[in-house]
Amino acid sequence: NWMNFDYDKLRDKLTDELYNQYEMQLKTLSSKGQRNVMRDFNTIDSMVTNISNDNGRYTVTMELIISFIDYIEQNGKSVRGSSKKPITMHYELVFISSSDGIVDKCPQCGAHIEDTTTQICPYCRHQITQDSTKWVMSKKVAKGQR
């Protein structure tokens, strides 16, 4: 899906914020006539590091170490990265789900939100997205690369 710019298939697997970030990255590559090729995935290690339930909002944090081929190609040629040598990445991934899909507390400042249809916290101005009742990835942080 990623390599073929079919980012709509990612829609129900990511939070709005992460989806918008990935969509922008793919559109930038497409406008340059490039594509990100990723293949030959090998999981080296994975571990759940935290599980929490905050008033029906479930969060699972995990560490993932994975090796794979990752490069940018243009006109069939590698222009960044290696099409032959795998890289090893260490990620922290955060997945969330909600029992009711309603966010009534600002994830940034913790303030109680009265109007759950609003998209902006009235206290800190953080953009709020309503939770999914499905498990979605809300964060992916690269902690290291070898």
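Above: the structure in question.
First, a word on scope: everything that follows refers to the structure included in this document. (Residues numbered from 1 in each chain as written. Predicted model: local features only at pLDDT ≥ 70, side-chain atom pairs only at ≥ 80, totals over all residues. Heavy atoms only, no water.)

## As for the sheet that holds strand β1 (residues 34-54)
Quick reminder of the rule: Note on pairing: two strands pair once DSSP finds at least 2 bridges between them. The helix count covers DSSP runs of H or I at least four residues long, the strand count covers runs of E at least two residues long, and both are numbered beginning at the N terminus. In this analysis, axes come from line fits to C-alpha atoms, helices being fitted only over the stretch in contact, and the angle between any two N-to-C directions falls in the range 0 to 180 degrees. Contact definition: two residues touch when any of their heavy atoms are within 4.5 Å.
The four strands are arranged β1-β2-β3-β4 in an open sheet whose pairing can be described as antiparallel. In this open sheet, the two strands that pair with only one neighbour each are β1 and β4 (136-145). The mean inter-strand angle of the sheet, taken between neighbouring strand axes irrespective of direction, is 25°. Where β1 lies against strand β2 (residues 57-74), 17 bridges are found, and the strand directions are antiparallel. Bridging across to β2, Asp54 finds its partner in Arg57. In the packing of helix α1 (residues 16-31) onto the sheet, contacts are made with β1, β2 and β4, and the angle to β4 comes to roughly 60°.

## Comments concerning the layout of surface pockets
Quick reminder of the rule: A pocket, in this scheme, is an open set of points on a 1 Å grid over the protein atoms alone with protein on both sides within 12 Å along at least 5 of 7 lines, while a cavity is a set where a 1.4 Å probe fits but cannot get out; residues line either one if an atom lies within 4 Å of a point. Grid points are joined across faces, edges and corners, and a volume is the space filled by probe spheres set on the points. Only Asp, Glu, Lys and Arg are considered charged in this grouping, and only Ala, Val, Leu, Ile, Met, Phe, Trp, Tyr, Cys and Pro are considered nonpolar; every other residue, Gly among them, is considered polar.
Each pocket or cavity is described by its volume, and for the largest pocket that value is around 980 Å³. Those elements that provide at least two residues to the lining of the largest pocket are α1, β1, β2, β3 (77-98) and β4. Top element by residues in the lining of the largest pocket is β3. It accounts for seven residues. When its residues are assigned to classes, the lining of the largest pocket shows 21 nonpolar, seven polar and five charged.

## With respect to the pattern of salt bridges
Counted only if it meets this: Salt bridges are counted wherever a side-chain nitrogen of Lys or Arg sits within 4 Å of a carboxyl oxygen of Asp or Glu. Summary of the burial criterion: residues with accessible area below 20% of their type's maximum are buried, those above 50% are exposed, and those between are partly exposed, where the area comes from a 1.4 Å probe applied to protein chains only.
Evaluation of the coordinates by the stated rule reveals seven salt bridges. Note that Asp40 is salt-bridged to Arg39, the shortest N-O span being 2.6 Å. Look at Arg39 and you get partly exposed, because its relative accessible area is 30%.

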